[in-house]
Amino acid sequence: MTTLGVYFGLIFARVATFVAVMPLFAQRTPRVVRAGMALVLTLFYFGTVGPGWDGQFADNADQINPLVYALALIRESLIGASIGLAFGLFLMPSRIAGDFISQQIGLSASSQSGVTTDTPAAALSSIFEVIASLVFLELNGHHLVFATLHASFDKLPLGGGLVPHPVGPMLAGLQTASEMGLLLAGPLALCLFLLSVTLAIMARAAPQLNVYSVGFTLQVIVAILGSLFLLPDVIRLLGVFFEYSKAALPAFLE
């Protein structure tokens, strides 16, 4: 195997895995588009940027052992996956909030394919994910995505022996994303709780009204109106979480 072939393969392994797991590119994007994007980015880094790689690995690249090369490809794939999953945490709070509210109003049974994944998602979850994606793009998150991928080549050269350990930062990110999702869903959950209490009191005071026959419709209306009313606060919280994610990204490359 030639040195250029080894070099190209290492770049492609990191970039392709990153594109494969990054939520804005993964699963719902056609495979041809993903493959083309991974190839174009690889050619860009290969022909224009020329990221550095480990000196000892480069000296023996033309006579490299296949097992060593396979381990190097796995390392590059792990780095690309770590970066992609780190950005995936940004969309998680909106998904958690949408699933929680949908469960409260009974819309979780009418699930469909999500916006960024093929896993089932309720209508509110898809709406919240779309809002989070638009906020991500508005805050130039796509610039941060490629800047982080570019910085990974300087922080972790190709073929090096250092392997990132993102388990700790990933668990911390999951915890923060879950907390942020509950914060997003909290105001709407409170409105739905007060509506349920009101319906229970009305049903107790006047059983003949049969208020529970219209309770489902009222819950959906309250959820939609509440989402519109609280939309500025939702966007603000997503912006706060974006800044947290931006500050926490370097830990995924250590």
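Summary of the structure given here.

About the criteria used
Residues numbered from 1 in each chain as written. Predicted model: local features only at pLDDT ≥ 70, side-chain atom pairs only at ≥ 80, totals over all residues. Heavy atoms only, no water. Helix = DSSP H or I, 4+ residues; strand = E, 2+ residues; numbered from the N terminus. Contact = heavy atoms within 4.5 Å. Areas by Shrake-Rupley, 256 points an atom, 1.4 Å probe, with all protein chains shown as cover. 1 Å grid on protein atoms, 1.4 Å probe; cavity = no way out; pocket = protein on both sides within 12 Å on 5 of 7 lines; lining within 4 Å. Points joined across faces, edges and corners; volume = space filled by probe spheres on them. Nonpolar A, V, L, I, M, F, W, Y, C, P; charged D, E, K, R; others polar. Salt bridge = Lys/Arg side-chain N within 4 Å of Asp/Glu carboxyl O. Buried < 20%, exposed > 50% of the residue type's maximum accessible area, 1.4 Å probe, protein only. Phe/Tyr/Trp six-rings, centres within 6.5 Å; stacked < 30°, edge-to-face > 60°. Axes fitted to C-alpha atoms, helices over the stretch in contact; angles between N-to-C directions. Parallel < 35°, antiparallel > 145°, perpendicular 65-115°, else oblique. Left-handed = near helix turned anticlockwise from the far one by under 90°. Polar contact = N/O pair within 3.5 Å; in protein donor to acceptor, adjacent residues only side chain to side chain.

Regarding the overall build of the protein
- Looking only at helices and strands, the protein features 10 helices and 2 strands.
- Put simply, the protein runs from its N terminus to its C terminus through helices and strands in the order α-α-α-α-α-β-β-α-α-α-α-α.
- For the protein, contacts bridging at least 24 residues in sequence account for 81% of all contacts bridging at least 6.
- For the protein, the computed accessible surface area is about 13,100 Å², with 69% contributed by carbon and sulfur atoms.

Considering the layout of surface pockets
- Space inside the second largest pocket adds up to approximately 200 Å³.
- For the second largest pocket, the lining is made up of 12 residues, of which Leu124, Ile127, Phe128, Ile224 and Ser227 are closest to its centre.
- Elements with a minimum of two residues in the lining of the second largest pocket: helix H6 (123–138), helix H9 (215–229) and helix H10 (231–248).
- When residues in the lining of the second largest pocket are grouped by element, the largest group, 5 residues, is from H6.
- Of the residues assigned to the lining of the second largest pocket, the class counts are 11 nonpolar, 1 polar and no charged.

Regarding the pattern of salt bridges
- Enumeration over the complete set of coordinates arrives at 4 salt bridges.
- In this structure, Glu76 and Arg75 form a salt bridge, with 2.5 Å as the shortest nitrogen-oxygen distance. The same class applies to Glu76 as to Arg75, namely buried.
- Across the salt bridge formed by Asp99 and Arg95, the nearest N and O atoms sit 3.6 Å from each other. Separated by 4 residues within a single helix, Asp99 and Arg95 lie in helix H5 (residues 92–105), roughly one turn from each other.
- A network of salt bridges, in which partner residues are shared, links Arg14, Arg75 and Glu76.

Re the packing of aromatic side chains
- Per the counting criterion, the structure on display carries 4 aromatic pairs.
- Ring plane angle 80° and centroid distance 5.4 Å describe the contact between Phe8 and Phe46, whose orientation is recorded as edge-to-face. A residue pair is termed long-range when its members are at least 10 positions apart, and Phe8 in helix H1 (residues 3–21) and Phe46 in helix H2 (residues 31–49) qualify at 38 residues.
- Residue class for Phe8 comes out partly exposed when judged on its relative accessible area of 25%.
- Look at Phe44 and Tyr45: their rings are 5.4 Å apart centre to centre, the planes differ by 70°, and that puts the pair in the edge-to-face class.
- On the basis of relative accessibility, which here comes to 3%, the residue Tyr45 falls in the buried class.

A closer look at the packing of H1 against H2
- Two elements in contact, H1 and H2, have axes separated by 9 Å at closest approach and are oriented at 135°. As the angle between them shows, H1 and H2 are arranged oblique. As for how H1 packs across H2, the hand of that crossing is right-handed. Two secondary-structure elements touch here, H1 through Leu4, Tyr7, Phe8, Ile11, Phe12, Val15, Ala16 and Val19 and H2 through Arg34, Ala38, Leu39, Leu41, Thr42, Leu43, Tyr45 and Phe46.

Describing empty space enclosed by the protein
- All chains considered together, the criterion is met by 2 cavities of 30 Å³ or more.
- Each pocket or cavity is described by its volume, and for the second largest cavity that value is around 30 Å³.
- Lining the second largest cavity we find Met22, Pro23, Leu24, Phe87, Phe90, Leu91 and Phe136.
- Among the residues forming the lining of the second largest cavity, the class breakdown is 7 nonpolar, no polar and no charged.

Some details on the environment of Thr17
- Structurally, Thr17 can be placed in helix H1.
- Its relative accessible area of 18% is what places Thr17 among the buried residues.
- Sequence separation between Thr17 and Ile83 is 66 residues; the distance between their C-alpha atoms is 9.3 Å.
- Each residue touching Thr17, except ones within four places of it in the same chain, is listed here: Phe12, Ser77, Gly80 and Ala81.
- Looking at Thr17, its side chain comes within polar contact range of the main-chain oxygen of Ala13, at 2.7 Å.

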